[in-house]
Amino acid sequence: MSLKKETPSDQQMHIAALQGNLELLLRVLDSGRVHVDCKDKEGTTPLILAAANNHLNCVQALLEQGADPNARRLTGTCALFFASQGGFLDVVKILLKHDANVDLASFDGGTPLFVACQCNHQDVVEELLARGADIHAQMIDGATPLFITAQNGHTELLKFLLSKGADPNFARKDLASPLWIAAQMGHTQVVAELLKAGADVDAVREDGATPLFKACHKGHLDTITEILKHKPNLGILKNGETVLHAAALFGHSKAVRLLLQSGIPADIKNKEGQTPAELAIEAGYDYIATYINSFQLETDAKSN
């Protein structure tokens, strides 16, 4: 029977799987008028629907009837992908028991492990890794499960991944590291754990920005404080700017104060020869320029 053209029986199968209606599901299957892996226009099978909605009894029945655990939608996503995304551990286990491919990726490279990490389902992550999931898998953009975890601020899960050998310095194709993305998002505890695990404090993205630069750009004070404990580069970066320029340009007065107190010269110039105060004035933050200049005067007075 064709898997491409939907029939009324196909539709009933999909409805039964979606709703978790085991009685209807079995009745349609027993009719002999439908294929267990009948697909809708998106390539979705009943098993994918049942798994995505945590209907364990329907998943079990479909697998016993020969449903393909590795059938994929047009996006490349499969039943295990959706079960992992939802955190449905029992469904994940039964799919794996029936030979679901633990690393079957969607067409953007996302495996079940990625979505389990993204959604902070540590029990599912542990099961997937125990069944051989690749902790170093990469999406098309180069992101790893650890990167996705750092991006979403899941501290305990990140610690678990690090304990299992995830590389804290494995960067995306644009050279953004897990630390870089965590700093940009202001996930201070994640930043602390990554630095503790040996993440490069000055890892530079392809645009020349460091983790501290991004934290200053965004004004994440707690994150800035944490990174400063690890002696980051406070001079001119590869992008021609300093972290103080970033804070001043975007109006983060508390970050400016913190950076000046950490020892950055108030009159340090970027590659264009501009001081942080001059950038602040250009951006309309005259009060920040006034503070920087006052700090400089006080510093000069103390040195004399």
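Residues numbered from 1 in each chain as written. Predicted model: local features only at pLDDT ≥ 70, side-chain atom pairs only at ≥ 80, totals over all residues. Heavy atoms only, no water.

Per an unreviewed UniProt entry, the protein chain carries the name Ankyrin repeat domain-containing protein 29-like and comes from Biomphalaria glabrata.

**Notes on the UniProt feature "repeat: ANK" (unreviewed entry) in the protein chain**
UniProt feature "repeat: ANK" (unreviewed entry): in the numbering of this structure it lies at residues 42–74, 75–107, 108–140, 141–173, 174–206 and 239–271. Taken end to end, residues 75–107 is 52% helix and 0% strand, and its first and last C-alpha atoms sit 6 Å apart. Within residues 108–140, the helical portion is 48% and the strand portion 0%, while the C-alpha atoms at the span's ends are 6 Å from each other. (UniProt positions renumbered as here; feature names shortened; annotations may be inferred. Helix = DSSP H or I, 4+ residues; strand = E, 2+ residues; numbered from the N terminus.)

**Digging into unusual backbone geometry**
Unlike most non-glycine residues, Asn54 shows phi in positive territory, near 60°. Relative to the helices and strands, Asn54 resides in the loop between α3 (46–52) and α4 (56–64). Relative accessible area serves as the criterion here: at 38%, Asn54 is assigned to the partly exposed category. The phi torsion at Leu175 lies on the positive side, around 75°, for a residue other than glycine. Here Leu175 lies in the loop between α10 (155–163) and α11 (178–185). (Buried < 20%, exposed > 50% of the residue type's maximum accessible area, 1.4 Å probe, protein only.)

**Overview of helix α12 (residues 188–196)**
For α12, the tally of buried residues reaches seven of nine residues, placing the bulk of the element in the interior. Listing the buried residues of α12 in full gives Thr188, Val190, Val191, Ala192, Glu193, Leu194 and Leu195. Just downstream of α12, Gly198 is the residue with a positive phi angle, here 100°.

**Looking at the pattern of salt bridges**
Tallied over the full model, the rule gives six salt bridges. With a closest N to O distance of 3.6 Å, Glu156 and Lys159 form a salt bridge. With Glu156 and Lys159 both in helix α10, this residue pair falls three residues apart, about one helical turn. You can call Glu156 exposed: its relative accessible area is 51%. For the salt bridge of Glu226 with Lys229, the shortest nitrogen-to-oxygen distance reads 3.1 Å. Taking relative accessible area as the criterion, Lys229 reaches 58% and is therefore assigned exposed. (Salt bridge = Lys/Arg side-chain N within 4 Å of Asp/Glu carboxyl O.)

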